[in-house]
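The chain contents come next:
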Amino acid sequence: MAEESTPNTSTSVYRNGHEIECWLTDMDGVLVHENQAIPGAAELIQRWVDTSKRFLVLTNNSIYTPRDLAARLSASGLEVPEENIWTSALATAQFLKDQVQSSDSGNRAYTIGEAGLTTALHEAGFILTDTDPDFVVLGETRTYSFEAITMAVRHILAGARFIATNPDATGPSKDGPLPATGAIAAMITKATGREPYIVGKPNPMMFRSAMNQIDAHSETTAMIGDRMDTDIIAGMEAGLHTVLVLSGITQRDEVASFPFRPNQILDSVADLKSQI
Ligand SMILES: [Mg+2]
């Protein structure tokens, strides 16, 4: 990897002469793995907090609110303030709020999802309704109902705009994969002939809204992720310094099969904490 060389007294990561001021990091496979903190993650977060770095922990999971996630991470041994968590549900609510403000559309939404999504939409000023919605917003849930999917299909056919929080086809559980937002979206697409607009990774929209949230700029922001096909491609397309960690999905020998490269490859975040 061609890294900018920095004075050996430096404790910062540099990019084209600019110090990295803000950090975005994926959660699963980077900070936690099956509810266990990955070694080095707790120290990295603490370092960012202690040095007042602007950072956000990103997740495509739209089930939980940031408060729920902060509590879950705490149980795994990671103390992440809830204001430092950015979910696809928050990114979706922000995107829809911008759409309403800039395009004169209504603010009525029919949602399929959990508290993470409904809370975010409420706070963004949306009316959650099953009557005459402007948007159908699909998020992650563990209790998909045929009735709710039927209603979503009918609203979309009647003209509601179809939005999904994330494209993931499956989600993890201790008993094996579960069908997730992308799989349900495919069912609705088949029934309506309409594709959703999907806000979560790998849409760089997720990163842009995160950066706006912490007033970050792409040239001085880094993204840490464990997947070449989502975190790294989206980070690259958003113009960020990209750091692939090998503690999750993508393995070192798989990197060569992609037509692009991250700026850095590290075994895990334990290797990063010595740099910042
Ligand atoms: Mg991940």
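Going by the structure above, here's the rest.
Residues numbered from 1 in each chain as written. Predicted model: local features only at pLDDT ≥ 70, side-chain atom pairs only at ≥ 80, totals over all residues.

Attention now goes to the pairing of strand 3 (residues 22-26). Each regular strand carries side chains that alternate between the two faces of the sheet. Counting buried residues in strand 3 gives five out of five residues, a clear majority hidden from the surface. Covered by surrounding structure in strand 3 are Cys22, Leu24 and Asp26 together with Trp23 and Thr25, the residues of both alternating faces. Pairing of strand 3 with strand 6 (residues 54-59), which is carried by five bridges, proceeds in the parallel orientation. Within the sheet, the bridge partner assigned to tryptophan 23 lies in strand 6 and is phenylalanine 55. Sheet analysis places strand 3 next to strand 15 (residues 221-225), joined by four bridges and oriented parallel. What sits directly across from leucine 24, in strand 15, is methionine 223. (Buried ≥ 20, exposed ≤ 12 C-beta atoms within 10 Å, placed from the backbone. Helix = DSSP H or I, 4+ residues; strand = E, 2+ residues; numbered from the N terminus. Pairing = 2+ DSSP bridges.)

Attention now goes to helix 6 (residues 181-192). Side chains of residues three or four places apart in an α-helix project in the same direction, reflecting 3.6 residues per turn. Between its first and last C-alpha, helix 6 extends 16 Å over 12 residues, near the 16 Å set by a 1.5 Å rise per residue. Listed in full, the buried residues belonging to helix 6 are Thr181, Gly182, Ile184, Ala185 and Ile188. Taken end-on, helix 6 shows its buried residues confined to a sector of 160°, consistent with a single buried face. Along its buried surface, helix 6 packs onto strand 10 (135-138), helix 5 (146-157), strand 11 (161-164) and strand 13 (178-179). One or two steps after helix 6, the chain reaches glycine 193, where phi turns positive at roughly 75°. (Expected span 1.5 Å × (residues − 1). Arc of directions from axis to C-beta. Contact = placed C-beta atoms within 7 Å.)

Ranked by size, the top nonpolar core spans 74 residues in total, and within it Leu31, Val136, Leu138, Phe207 and Val269 carry the most contacts. Taken domain by domain, this core gets at least three of its residues from each of domain 1 (17-60 + 202-271) and domain 2 (104-194). In this structure valine 136 touches Tyr110, Ala152, His155, Ile156, Ala160, Phe162 and Ile163, once residues within four positions along its chain are discounted. (Core = buried A, V, L, I, M, F, W, Y, C linked by C-beta atoms within 7 Å. Domains from an automatic or database assignment.)

Moving on to the sheet that holds strand 7 (residues 85-87). The strand order across the open sheet formed by six strands is 7-6-3-15-16-17, and the pairing between neighbours is parallel. Looking along the sheet, the strands with just one partner apiece sit at the ends: strand 7 and strand 17 (264-266). Each adjacent strand pair in this sheet contributes to an overall mean axis angle of 25°, direction not counted. Sheet strands in contact with helix 7 (residues 205-213) are strand 3, strand 6, strand 7 and strand 15, and its direction is about 145° off that of strand 6. (Axes fitted to C-alpha atoms, helices over the stretch in contact; angles between N-to-C directions.)

On to the packing of helix 5 against helix 6, then. For the pair helix 5 and helix 6, interaxial distance at closest approach is 10 Å and the crossing angle is 45°. On the basis of their axis angle, the class for helix 5 and helix 6 is oblique. Between helix 5 and helix 6 the crossing geometry is right-handed. Along the contact surface, helix 5 presents Ile149, Ala152, Val153, Ile156 and Leu157, while helix 6 presents Ile184, Met187, Ile188, Ala191 and Thr192. (Parallel < 35°, antiparallel > 145°, perpendicular 65-115°, else oblique. Left-handed = near helix turned anticlockwise from the far one by under 90°.)

Of all the positions in helix 1 (residues 41-50), only Ala41, Leu44, Ile45 and Trp48 are classed as buried. Along the axis of helix 1, the buried residues cluster in a sector spanning 95°; they form a single face. Where the residues of helix 1 are buried, they touch strand 3, strand 5 (36-37) and strand 6. With its phi angle positive at about 55°, serine 52 sits one or two positions after the end of helix 1.

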